[in-house]
Amino acid sequence: MQNRLTENRPQNTQYLRLTDAAGNSVDFVDDLAESKKLFRRLASLGVILTKAADGRLAFDAPAGVLSDDLIDLMRARRDDLLELVESIEERAAITQFDGGLNQADAERWARSDVLERV
């Protein structure tokens, strides 16, 4: 018997259920588009993702916004999230240098550009 999580979903696709600190549930399919959705969700919660000096994904989050499920989802999508951070940083640097934008505007534009492309 199928439930709400499995009906009409392709086989061999991993789905993850996220419950945030407020108790809201969201289902995520394990692909880059969904990782972008997670990135945007984290940003809306005030979570800042960066690449640490040692190359790992790092984050800074306000107290209480990261539920255990959200942290597990970040771990599961770590590679995609890190790839998104790297793409944003690269586009921002190019835009700042070639486009003459200040750093904040270049980062804002790069984030929007990378996250809107599916």
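Residues numbered from 1 in each chain as written. Predicted model: local features only at pLDDT ≥ 70, side-chain atom pairs only at ≥ 80, totals over all residues. Heavy atoms only, no water.

With respect to the overall build of the chain
A count of helices and strands for the chain gives 4 helices and 4 strands. Going from N to C terminus, the chain has its helices and strands arranged as β-β-α-β-β-α-α-α. When each of the 118 residues of the chain is scored for burial, the buried share is 29%. Counting contacts in the chain only where the partners sit at least 6 residues apart, residues at least 24 apart contribute 48% of the total. Total accessible area computed for the chain in this model is approximately 7700 Å², and 47% of it derives from carbon and sulfur atoms. (Helix = DSSP H or I, 4+ residues; strand = E, 2+ residues; numbered from the N terminus. Buried < 20%, exposed > 50% of the residue type's maximum accessible area, 1.4 Å probe, protein only. Contact = heavy atoms within 4.5 Å. Areas by Shrake-Rupley, 256 points an atom, 1.4 Å probe, with all protein chains shown as cover.)

Overview of helix α1 (residues 32-44)
In a regular helix each residue adds 1.5 Å, so 13 residues correspond to 18 Å; α1 covers 18 Å between its end C-alpha atoms and thus fits that length. Within α1 the residues assigned to the buried category are Glu34, Ser35, Lys36, Leu38, Phe39 and Leu42. Backbone geometry just downstream of α1 places Gly46 in the positive-phi region, at approximately 90 degrees. (Expected span 1.5 Å × (residues − 1).)

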